[in-house]
Amino acid sequence: MGRFKDAVVTGARAVRRIPIPSTLTHQALREARSPMPPGHVQKTHAIEHEMIGRTRSIWLDEHRAENGIIIHLHGGAYVSGPFASDWAWLSRQVDALGCAGLMIDYRNAPDHQHPVGRDDVEAALGALAADGRLEGRPWVLSGQHSGGGLAFVVARRLREQEGIPAPSALIAMSPWLDLELSNAGITETDQVDPVHERRLLRDAARRYAGRTPLDDPDLSPINASLEGLPPIHLSVGMRDLFLSEVRVAKLQLEENGADLHYREISGRLGLQLIPRKGEDIERVHREQAELLARALRPTAG
């Protein structure tokens, strides 16, 4: 395991230190998991834990669900998550829009393999729809890294399912769209240790996929039709391993006439264990907030 550095996430009265290794490992990802919101998020929002079917889910301000719901799928390479960055992003957007947020803590490898993660998300959405909690309420599906790829899978599959209203928008941050990691440009992103990270991701993909081929569209949505999706905000870092496949997805979406907002930023965006700061990420957040406002408040302006 690589050397560890202390990353500080500050709350209202607490400072939480998350060990971040110089080279990521499965153990490091599991140690960085934040199953409950950090202290500063808990102090800002009404937090409610709910088992929706078999799926552990955490609400932020459910009492504001009439104003819309952001349903977030966390990152973690299908072996961990959510991370502090997932909670920070969801908290920021919920606070800005005065809506509700829901973190679906879908089950991960090695204990659970595909299609458990996908089924967890769809079952949770189905239960919410059956309870009438999505009826007449706009909702947005969001995700980062593996959660971003899973969001594409679920949004595509919802086109063919009855009983669950489609999301009003899709937000994907450095989504993992190709579990084969087959894009030829993957070694051109000038990572500090791209070989190690690629090895970690390949191992994570095998653990989660089980006997399912990695090119299956329900694992690698880059291999599926990207037609008929809701408005999308798609972002990626120029040093992310997924840069090339996200660019391919961008081209496919544009060819299909998608309502697409696309942003590349300097440095990294994918697999964030702690929230990233800086002018680039602030621009991404503003653009995401604009799409969220348009999706959740369709009659505004």
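Structure's up top.
Quick look at the structure, then. Please read all numbers here as calculations on a predicted model, not as lab measurements. (Residues numbered from 1 in each chain as written. Predicted model: local features only at pLDDT ≥ 70, side-chain atom pairs only at ≥ 80, totals over all residues. Heavy atoms only, no water.)

Overview of the overall build of the protein
Line of reasoning, step 1. In terms of helices and strands, the protein carries eight helices and ten strands.
Line of reasoning, step 2. Every one of the 301 residues in the protein was classed for burial, and the buried ones make up 56%.
Line of reasoning, step 3. When the accessible surface of the protein is totalled, it reaches about 12600 Å², and 46% of it is carbon and sulfur. (Helix = DSSP H or I, 4+ residues; strand = E, 2+ residues; numbered from the N terminus. Buried < 20%, exposed > 50% of the residue type's maximum accessible area, 1.4 Å probe, protein only. Areas by Shrake-Rupley, 256 points an atom, 1.4 Å probe, with all protein chains shown as cover.)

Quick notes on the packing of aromatic side chains
Line of reasoning, step 1. A complete count under the given rule lists four aromatic pairs for this structure.
Line of reasoning, step 2. Ring geometry for Tyr78 and Trp176: centres 6.0 Å apart, planes at 40°, overall tilted. Here Tyr78 is found in the loop between β5 (69–73) and α3 (84–97), whereas its partner Trp176 is found in the loop between β8 (169–173) and α6 (194–209), with 98 residues between them in sequence. In this structure, Tyr78 and Trp176 share a single accessibility class: buried.
Line of reasoning, step 3. Connected via pairs of aromatic rings, a cluster forms that spans Tyr78, Tyr106, Trp176, Tyr208 and Phe242.
Line of reasoning, step 4. Over the ring of Tyr262 we find Lys250; its NZ or CZ atom is 5.3 Å from the centre of that ring. (Phe/Tyr/Trp six-rings, centres within 6.5 Å; stacked < 30°, edge-to-face > 60°. Lys NZ or Arg CZ within 6 Å of the ring centre and 35° of its normal.)

Quick word on the nonpolar core
Line of reasoning, step 1. In this structure, Leu29, Ile69, Ile71, Phe152, Trp176 and Leu234 are the most contacted members of the largest nonpolar core, which totals 62 residues.
Line of reasoning, step 2. In this structure Trp176 touches Ala77, Tyr78, His145, Ser146, Gly149, Leu181, Leu201, Ala205, Pro221, Phe242 and Glu245, once residues within four positions along its chain are discounted. (Core = buried A, V, L, I, M, F, W, Y, C linked by side-chain atoms within 4.5 Å. Contact = heavy atoms within 4.5 Å.)

Observations regarding the sheet that holds strand β4 (residues 55–60)
Line of reasoning, step 1. Spatially, β3-β4-β6-β5-β7-β8-β9-β10 is the arrangement adopted by the eight strands of the open sheet, whose pairing is mixed. Taken across any chain shown, the strands that pair with only one partner, and hence form the sheet edges, are β3 (47–52) and β10 (260–265). With strand direction ignored, the average angle separating the axes of adjacent strands in the sheet is 20°.
Line of reasoning, step 2. Strand direction decides the pairing type here: β5 and strand β7 (residues 139–144), joined by five bridges, are parallel. When the bridges of β7 are listed, Ile69 appears paired with Trp139. (Pairing = 2+ DSSP bridges. Axes fitted to C-alpha atoms, helices over the stretch in contact; angles between N-to-C directions.)

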